[in-house]
Amino acid sequence: MTENPVFRLNRAVAIGTTRGPSAGLPALDALAADVRLDTHRLPAVRGHLLEMAGDPAGARTEYLRAAQRTRSAPERRYLEARAARL
């Protein structure tokens, strides 16, 4: 179960939430090469952690990258709105 990419992504979110974004971002970096996560999820989480870390420009870039990758119009609008408010 721990080799499931979504499990590992959720773990990175949990690390970033409990230990801070500086701990969560390296956990995300470890997932970057996993082609199973070549979706909007990874940049959306990275954007969230960068926003938490006080990097609005980096967060905006990642939110827009995630918006481009999603197939869902509501998710795209949400991610674009997150980027726009930064």
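Each remark here, short or long, concerns the structure printed above.
Criteria and cut-off values
- Residues numbered from 1 in each chain as written.
- Predicted model: local features only at pLDDT ≥ 70, side-chain atom pairs only at ≥ 80, totals over all residues.
- Heavy atoms only, no water.
- Helix = DSSP H or I, 4+ residues; strand = E, 2+ residues; numbered from the N terminus.
- Expected span 1.5 Å × (residues − 1).
- Buried < 20%, exposed > 50% of the residue type's maximum accessible area, 1.4 Å probe, protein only.
- Arc of directions from axis to C-beta.
- Contact = heavy atoms within 4.5 Å.
- Salt bridge = Lys/Arg side-chain N within 4 Å of Asp/Glu carboxyl O.

Caption draft 1: Structural context of helix H5 (residues 73-84). Spanning 12 residues, H5 covers 16 Å between terminal C-alpha atoms, matching the ideal 16 Å at 1.5 Å per step. Looking at H5, one finds that the buried residues are Leu-79, Arg-82 and Ala-83. What you see down the axis of H5 is that its buried residues fit within an arc of 100°, all on one side. In H5, those exposed residues whose orientation departs by more than 90 degrees from the buried face are Pro-74, Arg-77 and Ala-84. Contacts made by the buried residues of H5 are with helix H3 (41-52) and helix H4 (56-69).

Caption draft 2: Up close: the environment of Pro-5. Looking at the secondary structure, you find Pro-5 in helix H1 (residues 5-19). Spatially, the C-alpha atoms of Pro-5 and Ala-73 are 24 Å apart, while their sequence positions differ by 68 residues. When residues no more than four places from it in sequence are discounted, the contact partners of Pro-5 are Asp-34, Arg-36 and Leu-37.

Caption draft 3: Representation of the pattern of salt bridges within the structure. Tallied over the full model, the rule gives eight salt bridges. Between Glu-51 and Arg-82 there is a salt bridge, and its shortest N-O distance comes to 2.9 Å. Of this pair, Glu-51 sits in helix H3 while Arg-82 sits in helix H5; the two residues are 31 residues apart in sequence, bridging distant segments of the chain. On the basis of relative accessibility, which here comes to 15%, the residue Arg-82 falls in the buried class. With its nearest N and O atoms 2.5 Å apart, the salt bridge here joins Glu-62 to Arg-65. Of the two residues, Glu-62 and Arg-65 both sit in helix H4, three residues apart, roughly one turn of that helix. In this structure Arg-65 comes out as partly exposed when scored by relative accessible area, which is 34%. Three or more residues are tied together by salt bridges with common partners; here these are Asp-29, Arg-46, Glu-62 and Arg-65.

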